[in-house]
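Listed below are the residues making up each chain.
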Amino acid sequence: MIDGNEKEIIFLDNEDKVLFNYILPANQEKLEEDRKEFSKQFSDKLANFN
């Protein structure tokens, strides 16, 4: 998916409500930087819905 262009990924719940958006970076280095923060935010969001 990384091809030198940023892409927006939109995460939805079962009712198609937006949980959050993520901008997929243009390079692998930035993706690795974002990975830990993204994982934490995603886990926190899911925990709040349960």
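Before reading further, recall that the structure is shown in the block above.
## Side note on the environment of Ala26
- Mapping Ala26 onto the fold places it in the loop between strand E2 (18-24) and helix H1 (28-49).
- By relative accessible area, which is 27% here, Ala26 ends up partly exposed.
- Linking Ala26 and Ile2, residues 24 residues apart in sequence, is a C-alpha distance of 5.8 Å.
- Residue contacts for Ala26: discarding those within four places in its chain leaves Ile2, Gly4, Asn5 and Glu6.

## Side note on the environment of Lys45
- By the secondary structure assignment, Lys45 is in helix H1.
- The exposure class of Lys45 is partly exposed, given its relative accessible area of 34%.
- Counting along the chain gives 25 residues from Lys45 to Phe20, while the straight-line C-alpha distance between them is 8.7 Å.
- Here Lys45 is in contact with Leu19 and Phe20, once residues within four sequence places are set aside.

Thresholds, definitions, all that
Residues numbered from 1 in each chain as written. Predicted model: local features only at pLDDT ≥ 70, side-chain atom pairs only at ≥ 80, totals over all residues. Heavy atoms only, no water. Helix = DSSP H or I, 4+ residues; strand = E, 2+ residues; numbered from the N terminus. Buried < 20%, exposed > 50% of the residue type's maximum accessible area, 1.4 Å probe, protein only. Contact = heavy atoms within 4.5 Å.

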